[in-house]
Amino acid sequence: MKKNIFAYSLKALAGGLLIVLVPFQACKEENYSLGTIPNADFEVQAGEDANTVVFVNKTPGSSIAFWKANTGQGAKGDEVSMRFTFEGTYDITLTAVTQGGIATVTKQVSITQSDPTACNPDRALGFIAGCEQKVWKLNPDAGAYKVGPNPDDGSWWQNTAGDVASRACEFNDEYTFVFNAEGTFNYDNKGDFYADGYLGSGSQGCEPNSNLPAAQQPWASGQFRFSVTETGGVKGLGQLVVAGTGAHIGLQKVHNAGEATAGPTWNSITYDIIEMTQNAGGQGYDILKVGVDIGGGTWWTFTLRSVN
């Protein structure tokens with residue numbers, strides 16, 4: 001709305017009173033338009049190999065492009081690439097934020113062959129899931145889980161070697177990652193859990209799954225999903241995402257937005273890969289270390305040891 005004010009004065013002497021007449025122009029309503037919303041569009045191009053695809057934003061005019069694949073992968077930018085490990089058809093959605101509003105479009109891309117190198121142990125996915133599946137447990141040693149102001153930092157608190165026995169119901173939990181297109185992640189807590197003051201009855205000991213209230217039941221054994229990205233993360237080693245309500249590694253209460261003890265209300269947790277060591281110390285097992293930035297300058301770190 002634009003307001004123009006014009007002032008004119010008329011002096012008149014009436015009984016010693018100075019009269020000033022000030023006429024105002026009425027407010028004038030002005031209409032503004034942000035323009036029409038364009039049709040979002042993008043082009044699909046071949047990448048550096050048969051499992052990499054490049055997406056180019058072709059939405060008319062200027063826009064900010066956000067990309068999402070039904071694998072969970074996401075990206076931002078006018079030209080991005082995504083890698084698809086397994087043969088199949090995938091949905092790609094472009095969300096273009098324009099001056100006129102938000103426009104979206106979804107297209108499908110087909111991958112004609114699975115990546116023959118994806119399960120190599122020098123690749124993050126292969127290290128975590130193997131070529132069929134791989135089972136992990138918390139490393140039975142001091143510092144298997146710890147918290148501090150930085151990744152892999154237990155300066156605020158970490159478990160002791162004695163906790164391996166006192167928390168045996170936690171150190172026997174199995175985390176199984178399956179090498180398949182669905183990204184199957186199985187969590188088996190062996191029918192019990194360490195209450196840690198907030199689970200079940202809130203004791204400082206092991207309790208059966210039957211003690212979990214309804215809101216905490218998703219933290220018990222279950223089948224979930226996972227995905228791995230091979231770049232990014234605080235160490236540049238990639239990230240591991242577990243998805244599904246209740247999916248977790250290590251302590252149940254820890255997630256990307258803090259700690260919650262009543263029960264899970266989030267659908268996924270992203271862990272930064274901090275370390276991947278094959279045949280650690282020549283002992284025949286692998287070590288996987290992941291960290292969670294929970295905000296406020298706080299990191300939880302969990303160390304897993306391979307079982308098979």
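Note: the structure precedes this text.
These numbers were taken from a predicted model, which means no experiment stands behind them.

Novice: Quick one: what's the story with the overall build of the protein, residue by residue and with numbers?
Specialist: Per the secondary structure count, the protein includes 3 helices and 23 strands. Evaluated residue by residue, the protein yields a buried proportion of 42% over its 308 residues. Contacts in the protein between residues at least 24 apart in sequence constitute 51% of all its contacts with a sequence separation of at least 6. Surface exposure of the protein reaches about 15,600 Å², of which carbon and sulfur atoms provide 50%.

Novice: Mind laying out the sheet that holds strand S7 (residues 79-83), listing which residues take part and the relevant values?
Specialist: Read across the open sheet, the 3 strands follow the order S3-S4-S7; overall the sheet is antiparallel. Edge positions in the sheet fall to strand S3 (42-46) and S7, since each has one partner strand and no second. With strand direction ignored, the average angle separating the axes of adjacent strands in the sheet is 25°. Direction of pairing for strand S4 (residues 52-57) relative to S7: antiparallel, over a ladder of 5 bridges. Among the inter-strand pairings, Val56 is bridged to a residue of S7, identified as Glu79.

Novice: How would you summarise the state of the cysteines if you had to cite specific residues and measurements?
Specialist: The full count for this structure, using the stated rule, is 2 disulfides. The partner cysteine of Cys119 in its disulfide is Cys131, sulfur to sulfur 2.0 Å. Residues Cys119 and Cys131 are joined by a disulfide whose S-S torsion is about 75°; by sign, that bridge is right-handed. Taken together, the residues span a long stretch of sequence, with Cys119 in the loop between strand S9 (102-111) and helix H1 (124-129) and Cys131 in the loop between H1 and strand S10 (133-138) at a distance of 12 residues. For Cys131, a relative accessible area of 46% gives the class partly exposed. What pairs with Cys169 in a disulfide is Cys206, and their sulfur atoms sit 2.0 Å apart.

Novice: Before we move on, can you summarise unusual backbone geometry with the specific residues and values?
Specialist: Phi angles above zero are rare outside glycine, and Asp152 is one such case at about 55°. Examined against the element boundaries, Asp152 turns out to sit in the loop between strand S11 (145-148) and strand S12 (157-158). Although it is not a glycine, Asn279 adopts a positive phi angle of roughly 45°. The residue Asn279 is located in the loop between strand S21 (268-277) and strand S22 (287-295) in this model.

Novice: For the sheet that holds strand S5 (residues 63-69), give the residues involved together with the corresponding values.
Specialist: The antiparallel open sheet is built from 4 strands, whose spatial order is S6-S5-S8-S9. If you trace the sheet from one side to the other, it starts and ends with strand S6 (74-76) and S9, each paired once. Taking the axes of each pair of neighbouring strands and ignoring which way they run, one obtains an average angle of 20° across the sheet. Where S5 meets strand S8 (residues 88-98), 7 bridges bridge the pair, whose relative direction is antiparallel. Considered in S8, the bridge of Lys68 is made with Thr93.

Novice: Quick one: what's the story with the packing of aromatic side chains, residue by residue and with numbers?
Specialist: Tallying each qualifying case throughout the model produces 16 aromatic pairs. Arranged with centres 5.6 Å apart and planes meeting at 45°, the rings of Phe127 and Trp136 form a pair that is tilted. Here the two residues Phe127 and Trp136 agree in accessibility, since each one is buried. Note on Phe185 and Phe224: the rings are 6.2 Å apart at their centroids and 40° apart in plane angle, and the pair reads as tilted. With Phe185 in strand S14 (residues 184-188) and Phe224 in strand S17 (residues 222-229), this residue pair connects regions lying 39 residues apart in the sequence.

Novice: So, the environment of Pro116: which residues are in play, and what are the values?
Specialist: Following the sequence through the fold, Pro116 ends up in the loop between S9 and H1. Note: C-alpha distance between Pro116 and Phe86 (30 residues apart in sequence) is 9.2 Å.

What counts, and where the lines are drawn
Residues numbered from 1 in each chain as written. Predicted model: local features only at pLDDT ≥ 70, side-chain atom pairs only at ≥ 80, totals over all residues. Heavy atoms only, no water. Helix = DSSP H or I, 4+ residues; strand = E, 2+ residues; numbered from the N terminus. Buried < 20%, exposed > 50% of the residue type's maximum accessible area, 1.4 Å probe, protein only. Contact = heavy atoms within 4.5 Å. Areas by Shrake-Rupley, 256 points an atom, 1.4 Å probe, with all protein chains shown as cover. Pairing = 2+ DSSP bridges. Axes fitted to C-alpha atoms, helices over the stretch in contact; angles between N-to-C directions. Disulfide = S-S within 2.5 Å. Phe/Tyr/Trp six-rings, centres within 6.5 Å; stacked < 30°, edge-to-face > 60°.

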